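The lines below spell out each chain.
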Amino acid sequence: MKKKLLFLGPPGAGKGTQANLFCKKYGLDHLSTGDLLRDEVSSGSVLGVKAAEVMNKGELVSDDLVLSIVEARLVNIHQGWLLDGFPRNVNQANSLKSLLEKINQPLEGVVLIKVADDYLIKRLLERGRQDDNEQVIINRLKVYREKTSPLIDLYSKQGILEEIEGNADIDVVFSCIEKALGG
Ligand code: B4P
């Protein structure tokens, strides 16, 4: 089973849901930039207040902040890790590449979880997090298409991309991911 992984997909595709299950079963460290940013927001720090403003509009938080959070965590993990929600644009992907070269831990697999927009909007409205209202969701989908989706081509060209249909029961999606990663 591959142990240095990245989960990619539109907002609400189930990256967090699947990453949690996968990390529990295979003992990987789950590094979710969304969760880490929400922790920063809850702490009430200056950075957290800034991040909340951006997240509540459905925009991406600054690359510098996200990168500093990821780098601080990743350098201390040696068993295996799963990046969830990072990278989210080409600049973050390039920074990740340099970081992984520096710590000599090459990326082994990228899982793209695909779900059509109609289902995503419905799921996120049902979840009802602070940034889950219709106008913000539509902006998050736009940001995903413009900034994150170019990464699909980038990882596909590297031959490490696995595409998974995410519009199915959670356990069915999980089995497909396991199979794709060699489980
Ligand atoms: P994230 O926290 O990454 O959240 P997400 O993309 O909205 O959701 P995810 O795909 O993880 O869906 P989940 O499993 O929860 O990002 C939030 C914000 O943080 C971003 O908009 C951005 O502002 C900021 N941010 C994060 N990373 C950043 C970065 N690298 N750079 C800059 N900014 C960054 O599932 C969603 C719902 O669907 C849940 O209710 C779940 O129960 C349900 N669900 C899951 N799988 C299902 C299934 N198979 N069937 C039915 N329902 C399902």
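In this text, all values refer to a predicted model and were calculated from it rather than measured experimentally. (Residues numbered from 1 in each chain as written. Predicted model: local features only at pLDDT ≥ 70, side-chain atom pairs only at ≥ 80, totals over all residues. Heavy atoms only, no water.)

Colleague: Explain the pattern of salt bridges to me, using residue names and the numbers behind them.
Modeller: According to the stated counting rule, one finds 13 salt bridges in the structure shown. For E178, the salt bridge goes to K25, with nearest N and O atoms at 2.8 Å. Residue E178 is located in helix α9 (residues 170–180), and its partner K25 is located in helix α1 (residues 15–26); the two are separated by 153 residues in the primary sequence. The closest approach of N and O atoms between D131 and R129, which form a salt bridge, is 2.9 Å. Judged by its relative accessible area of 8%, D131 is buried. It is possible to trace a salt-bridge network through shared partners that takes in R127, R129, D131, D132 and R140. (Salt bridge = Lys/Arg side-chain N within 4 Å of Asp/Glu carboxyl O. Helix = DSSP H or I, 4+ residues; strand = E, 2+ residues; numbered from the N terminus. Buried < 20%, exposed > 50% of the residue type's maximum accessible area, 1.4 Å probe, protein only.)

Colleague: Describe in detail the state of the cysteines, supporting the description with residues and values.
Modeller: As enumerated under the stated definition, the model contains zero disulfides in all. As a non-bridged cysteine, C23 has C176 as the owner of its nearest cysteine sulfur, 18 Å distant. (Disulfide = S-S within 2.5 Å.)

Colleague: Let's hear about the layout of surface pockets: which residues, and what values?
Modeller: Estimated volume of the largest pocket: approximately 850 Å³. Lining the largest pocket are 39 residues, and of these G12, K15, R88, R127 and R129 sit closest to its centre. Within the residue set of the lining of the largest pocket, elements represented by two or more residues are α1, α2 (33–43), α6 (117–127), α7 (134–148) and α9. Top contributing element to the lining of the largest pocket by residue count: α2, with five residues. Considering only residue class, the lining of the largest pocket consists of 13 nonpolar, 14 polar and twelve charged. (1 Å grid on protein atoms, 1.4 Å probe; cavity = no way out; pocket = protein on both sides within 12 Å on 5 of 7 lines; lining within 4 Å. Points joined across faces, edges and corners; volume = space filled by probe spheres on them. Nonpolar A, V, L, I, M, F, W, Y, C, P; charged D, E, K, R; others polar.)

Colleague: Tell me about the pairing of strand β3 (residues 81–84), residues and numbers included.
Modeller: Where burial is concerned, the two faces of β3 agree: the one with W81 and L83 and the one with L82 and D84 are both buried. Summarising the sheet, strand β1 (residues 4–8) and β3 pair through four bridges and their orientation is parallel. In the strand pairing of β3, L6 is matched with L83. By the bridge criterion, four bridges tie strand β2 (residues 29–32) to β3 in an arrangement that is parallel. Across the sheet, H30 pairs through a bridge with L82, a residue of β3. (Pairing = 2+ DSSP bridges.)

Colleague: Describe in detail empty space enclosed by the protein, supporting the description with residues and values.
Modeller: What the rule picks out here adds up to one cavity of 30 Å³ or more. One number sums up the size of the largest cavity: a volume of about 30 Å³. Residue composition of the lining of the largest cavity, by class: three nonpolar, three polar and two charged.

Colleague: Explain unusual backbone geometry to me, using residue names and the numbers behind them.
Modeller: Residue F86 is joined to P87 through a cis peptide bond whose omega torsion reads 0°. Examined against the element boundaries, P87 turns out to sit in the loop between β3 and α5 (90–102). Unlike most non-glycine residues, N104 shows phi in positive territory, near 55°. Its location among the elements puts N104 in the loop between α5 and β4 (109–114).

Colleague: A description of the site of the ligand should follow, citing residues and the corresponding values.
Modeller: Neighbouring the ligand are 29 residues; T17, E59, R127, R140 and A168 lie closest to it. In the environment of the ligand, a nitrogen atom lies 3.1 Å from a nitrogen or oxygen atom belonging to the backbone of V61. One nitrogen or oxygen atom from the side chain of R88 is found 3.0 Å from a nitrogen atom belonging to the ligand. Given that more than half its atoms are within 2 Å of the pocket grid, the ligand belongs to the largest pocket. Of all the secondary-structure elements, those providing two or more residues to the shell around the ligand are α1, α2 and α6. The element best represented in the shell around the ligand is α2, accounting for four residues. Split by residue class, the shell around the ligand holds eleven nonpolar, nine polar and nine charged. (Near = heavy atom within 4 Å. Polar contact = N/O pair within 3.5 Å; in protein donor to acceptor, adjacent residues only side chain to side chain. Sits in = over half its atoms within 2 Å of the grid points.)

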